[in-house]
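Each chain, letter by letter, is given below.
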Amino acid sequence: MGNTTSSAISKEILEDLKLTTKFTEMEICQWYENFQKQCPTGRISPEEFEEIYTRFFPEADAKSYARHVFRSFDTNDDGTLDFKEYIIALHMTSSGKTTRKLEWAFSLFDVDKNGYINKSEVTEICQAIFKLIPEEEQKKLPEDENTAEKRANKLWAYFDKKDNERLAEGEFIKGVIENENAMRLIQYEPLKQ
C-alpha cells in the first residue's frame, strides 16, 4: 500500500517544477515515471550520466564534457542528480530563451563555482567540447579553431579580457549574445550531413 505514494511525484516538487519550467503537469509526471524506471534509486550518478552522454556522442570522448555538465546540473553539490535537478536542467537547456541557456552555459564554464570565469576555465571547457568533435569534423574546422586551445583563445578574445582577468555572468551573457561566433564556440553541434 505504501508503494503507491513513493512511486508518485510529491505535490510540492510537482508544483515547484510547474512554476519553474515550461513543462505541464502531465509532462512532468511522464518524465517522472520514466526517470523512476531508468533510475530506481531516484538519483543519477556521475557514471550513469557519462554513459548517457557517451550514447549521444558514440564517435567522441564525451566523458570530460559529461562530468562538467553533471557538475553544472548538480545544484545541491551532493554528487548525484535527483529528479528535480534533472528536470530543471532539461528545461534550462531546451527552453527557447537564450539568456536561460546562457545562464546555464555560464555555470558550465564556472568550473570552481566562484561566480566568475577565468581563461583557464574557458580552456578546460573548450578542451572538453573539442573532444566531442569527431576527427573528421576537426579536419574541416577553420585554422584559428582547429585545436581546443585556439578555440579557447578565440572565445576569450571576444570578452576583451586579459589572460589574468575574470568574467562575471552578465559580461559572459552579453559577450556571447553580441557575437555569433562566441555562441558557436561555447557549444558543439554536429555538422549537417
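All residue numbers refer to positions counted from 1 along the written sequence of the respective chain. Note on the predicted model: pLDDT of at least 70 is required for a residue's local features to be given, and 80 or more for side-chain atom pairs to be given and counted; whole-chain, interface and lining totals, by contrast, use all residues. The side-chain numbers reported here are obtained from all heavy atoms of the structure, hydrogens and water having been left aside.

Participant: Explanation requested: the overall build of the chain in the structure shown.
Facilitator: Strands are runs of DSSP state E lasting at least two residues, helices are runs of H or I lasting at least four, and both sets are numbered from the N terminus onward. On a plain count of helices and strands, the chain comes out with 12 helices and four strands. Each principal axis of the C-alpha distribution contributes one length, and for the chain these read about 65 × 35 × 30 Å. Classification of the 193 residues of the chain by burial places 39% in the buried group. Here a residue-residue contact requires only that any non-hydrogen atoms of the pair lie within 4.5 Å. Counting only contacts in the chain whose residues sit at least 6 apart along the sequence, the fraction spanning at least 24 positions is 60%. Method for areas: the Shrake-Rupley scheme with a 1.4 Å probe, in which residue coverage is limited to the protein chains shown. Split by element, the accessible area of the chain, about 11500 Å² in all, is 52% carbon and sulfur. Categorising residues by exposure relies on relative accessible area from a 1.4 Å probe, with only protein chains included: less than 20% of the type maximum marks a residue as buried, more than 50% marks it as exposed, and the intermediate range marks it as partly exposed.

Participant: Which parts of the structure should I look at to understand the side chain of Asp 82?
Facilitator: You can see Asp 82 is positioned in strand β2 (residues 81-82). In the analysis that follows, any N or O atom pair within 3.5 Å is treated as a polar contact, provided that within protein one partner can donate a hydrogen and the other can accept it, and provided that, for residues neighboring in sequence, both atoms belong to side chains. There is a polar contact of 2.8 Å between the side chain of Asp 82 and the backbone nitrogen of Glu 85. The residues touching Asp 82, leaving out its near neighbours within four places in the chain, are Phe 35, Gly 42, Arg 43 and Asn 76.

Participant: Please clarify how the environment of Arg 166 should be interpreted in this entry.
Facilitator: Mapped onto the fold, Arg 166 is located in strand β4 (residues 166-168). Each C-alpha atom of the pair Arg 166 and Lys 150 lies 19 Å from the other, and the pair is 16 residues apart in sequence.

Participant: Is there a simple way to explain the packing of helix α4 (residues 46-56) against helix α5 (residues 63-73) in this structure?
Facilitator: Two quantities define a packed helix pair, namely the angle between the axes and the distance from one axis to the other. As a rule, the C-alpha atoms of each element are fitted with a line to give its axis, helices using only the stretch in contact, and angles between N-to-C directions run from 0 to 180 degrees. Interaxial distance between α4 and α5 falls to 9 Å at its minimum, and their mutual angle equals 125°. When the interaxial angle is binned, α4 and α5 end up oblique. Where α4 crosses over α5, the handedness of that crossing is right-handed. Packed against α4, whose contacting residues are Pro 46, Phe 49, Glu 50 and Tyr 53, the element α5 presents Lys 63, Tyr 65, Ala 66, Arg 67, Val 69, Phe 70 and Phe 73 at the interface. For the contact of α4 with α5, the class distribution of residues is eight nonpolar, no polar and three charged. Roughly parallel refers to an angle under 35 degrees, roughly antiparallel to one over 145, roughly perpendicular to one between 65 and 115, and oblique to any angle outside these ranges. Take the far helix as the reference: if the near one is turned anticlockwise from it by less than a right angle, the crossing is left-handed, and if turned clockwise, right-handed. Any residue outside Ala, Val, Leu, Ile, Met, Phe, Trp, Tyr, Cys, Pro, Asp, Glu, Lys and Arg is labelled polar, Gly included; the first ten of those are nonpolar and the last four are charged.

Participant: Teacher, can you tell me more about α5 here?
Facilitator: Along an α-helix, residues three or four apart share an orientation, since each turn contains 3.6 residues. Counting buried positions along α5 gives nine out of 11 residues, so the element sits mostly inside the fold. Residues Ser 64, Tyr 65, Ala 66, His 68, Val 69, Phe 70, Arg 71, Ser 72 and Phe 73 constitute the buried set of α5. In this structure, the buried residues of α5 make contact with β1 (43-44), α4, β2, α6 (83-94), α7 (98-109) and α8 (119-130).

Participant: How do you make sense of the pattern of salt bridges when you look at a structure like this?
Facilitator: Note on pairing: side chains with opposite charge can pair once their charged atoms come close. One speaks of a salt bridge when a side-chain nitrogen belonging to Lys or Arg is within 4 Å of a carboxyl oxygen belonging to Asp or Glu. For the structure on display, the rule yields 18 salt bridges. Between Lys 18 and Glu 15 there is a salt bridge whose closest N-O contact spans 3.2 Å. Remark: Glu 15 and Lys 18 occur in helix α2 (residues 11-20); sequence separation between them is three residues, near one turn of the helix. Judged by relative accessible area, which is 29%, Lys 18 ranks as partly exposed. Exposure remark for Glu 15: the relative accessible area of 41% places this residue in the partly exposed category. Asp 144 is paired through a salt bridge with Lys 154; the nearest N and O atoms lie 3.0 Å apart. You can see Asp 144 sitting in the loop between α9 (135-138) and α10 (148-158) and its partner Lys 154 sitting in helix α10, a full 10 residues away along the chain. Taking the relative accessible area as the measure of exposure, Lys 154 reaches 17% and is therefore buried. Through salt bridges with shared partners, one network takes in Asp 144, Glu 145, Arg 151, Lys 154 and Arg 184.

By themselves, these observations are geometric and do not establish any function.
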